[in-house]
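Letter by letter, the chains look like this.
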Amino acid sequence: MVAYLDYTSPKTQFTFDVNKSRSFTKDKHNFINILGIKQLNTLENISLLDIFLSKNNVIEPHYHQNAAELVYCISGAATVSMLNPFTKQIHNYPIKPGQVVNIPQAWWHYEVATKDNTHLLAIFDAPTPEVILGSDILKLTPSNIMAHTYCLNEQEWKKTIAPIQPNTFIGPHKNCKRKKYENDQTRSTRQNPNYIHHYPYNYPFASYSPSLF
């Protein structure tokens, strides 16, 4: 029981419609609803994100600094991936309806829908799910720090991250110009015979995919 909450007050809430609490919208098929203590004031150490995705959409790489996360698949299918900071390996866990993946607090992770009409429920052991997004880390860290720390060309780094939008949440963002970028890269390859093309990963994103069940 929440000690500071007056359960006799008419402002005390015991029910809520999560459909009316939109946290993020990419389009009509890809969006996130939220339930936390701001929406339902009798919650204790629990909150959730109600996630809807179409095939190949990604909940961008991120971590929750204040909570562990349990991802439950309601419909469709997805691959939940996380970086184990102790083994230094990426683990990929395909899930379908009725299956779950548990992500420890502050572990780097992401989810990829592998079917249309995917519906995931992310449950947290905190009254509000806090998050640090990969897009924010890449865009908000000063370019000179990234370049100096990792021995990069600062101008090339700026060019590389230019298309990234902070607060992406569900990627690729709807204004993605990847085809134009790939065409530019193809022209660059033809003009520069020493250019080495690095092919992107196909799904699944890594070969290490231990069975969940």
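Here the structure is a predicted model, which means the values were calculated and not measured. (Residues numbered from 1 in each chain as written. Predicted model: local features only at pLDDT ≥ 70, side-chain atom pairs only at ≥ 80, totals over all residues. Heavy atoms only, no water.)

### Quick notes on the layout of surface pockets
There is about 240 Å³ of room inside the second largest pocket. Contributing to the lining of the second largest pocket are 16 residues, with S23, L49, H64, V131 and F169 lying nearest its centre. Breaking the lining of the second largest pocket down by element, the ones donating at least two residues are β2 (30–35), β3 (47–53), β4 (58–63) and β10 (118–124). Partitioned by chemical class, the residues of the lining of the second largest pocket number 11 nonpolar, three polar and two charged. (1 Å grid on protein atoms, 1.4 Å probe; cavity = no way out; pocket = protein on both sides within 12 Å on 5 of 7 lines; lining within 4 Å. Points joined across faces, edges and corners; volume = space filled by probe spheres on them. Helix = DSSP H or I, 4+ residues; strand = E, 2+ residues; numbered from the N terminus. Nonpolar A, V, L, I, M, F, W, Y, C, P; charged D, E, K, R; others polar.)

### Re the packing of helix α2 (residues 143–150) against helix α3 (residues 154–161)
Orientation of α2 relative to α3, taken along the N-to-C sense of each, is 120°, at an axis distance of 9 Å. Our classification of the angle between α2 and α3 gives oblique. For the element pair α2 and α3, the recorded crossing hand is right-handed. Contacts between α2 and α3 involve S143, N144, M146 and A147 from the first element and E154, W157, K158 and I161 from the second. In terms of residue class, the contact of α2 with α3 is built from four nonpolar, two polar and two charged. (Axes fitted to C-alpha atoms, helices over the stretch in contact; angles between N-to-C directions. Parallel < 35°, antiparallel > 145°, perpendicular 65-115°, else oblique. Left-handed = near helix turned anticlockwise from the far one by under 90°. Contact = heavy atoms within 4.5 Å.)

### Here's the deal with the packing of aromatic side chains
Using the criterion set out here, one finds five aromatic pairs in the structure. Ring centres of F31 and F52 lie 4.7 Å apart, and the angle between their planes is 25°; on these two criteria the pair is classed as stacked. In this pair, F31 is assigned in strand β2 and F52 in strand β3, connecting sequence segments 21 residues apart. Note on Y63 and W108: the rings are 6.3 Å apart at their centroids and 50° apart in plane angle, and the pair reads as tilted. Of the two residues, Y63 sits in strand β4 while W108 sits in the loop between β8 (100–103) and β9 (109–113), which places them 45 residues apart along the sequence. Of the residues examined, W108 reaches a relative accessible area of 28% and is grouped as partly exposed. Over the ring of F31 we find R22, and its NZ or CZ is 4.0 Å from the ring centre. (Phe/Tyr/Trp six-rings, centres within 6.5 Å; stacked < 30°, edge-to-face > 60°. Buried < 20%, exposed > 50% of the residue type's maximum accessible area, 1.4 Å probe, protein only. Lys NZ or Arg CZ within 6 Å of the ring centre and 35° of its normal.)

### A short note on the sheet that holds strand β1 (residues 22–27)
Strand order in the open sheet formed by six strands is β1-β2-β3-β10-β5-β8, with antiparallel pairing between adjacent strands. At either margin of the open sheet sits one strand with a lone partner, and together these are β1 and β8. In this sheet, adjacent strand axes meet at a mean angle of 15° when their direction is disregarded. In the sheet, strand β5 (residues 69–75) pairs with β10 via six bridges, with the strands oriented antiparallel. Counterpart to E69 in the pairing with β10 is F124. (Pairing = 2+ DSSP bridges.)

### Focus: the pairing of strand β7 (residues 89–95)
The pairing of strand β6 (residues 78–84) with β7 spans seven bridges and is antiparallel. Within the sheet, the bridge partner assigned to L83 lies in β7 and is I90.

### Let's talk about the side chain of T168
Relative to the helices and strands, T168 resides in the loop between α3 and β12 (170–171). Take T168: its relative accessible area is 13%, and that puts it in the buried class. Discounting residues that sit within four places of it in the chain, T168 has contacts with F24, E60 and S135.

### Thoughts on the nonpolar core
Note that soluble globular proteins tend to have their nonpolar side chains buried in a common cluster. Among the nonpolar cores identified, the biggest contains 24 residues, and I51 and L120 are the most heavily contacted of them. Elements represented by at least two residues in this core include exactly β2, β3, β5, β6, β7, β8 and β10. Those residues within four positions of L120 in sequence are excluded, and the remaining contacts are L49, D50, I51, L53, V71, Y72, C73, A78, I95 and E111. The next biggest cluster of nonpolar side chains, apart from the first, holds six residues, and it includes V18, L35, L43 and L121. (Core = buried A, V, L, I, M, F, W, Y, C linked by side-chain atoms within 4.5 Å.)

### Examining the environment of L133
By the secondary structure assignment, L133 is in strand β11 (residues 132–133). Relative accessible area serves as the criterion here: at 4%, L133 is assigned to the buried category. As a C-alpha pair, L133 and N167 span 34 residues in sequence and 6.9 Å in three-dimensional space. The contacts of L133, once residues within four sequence positions are left out, are E60, P61, H62, N167 and F169.

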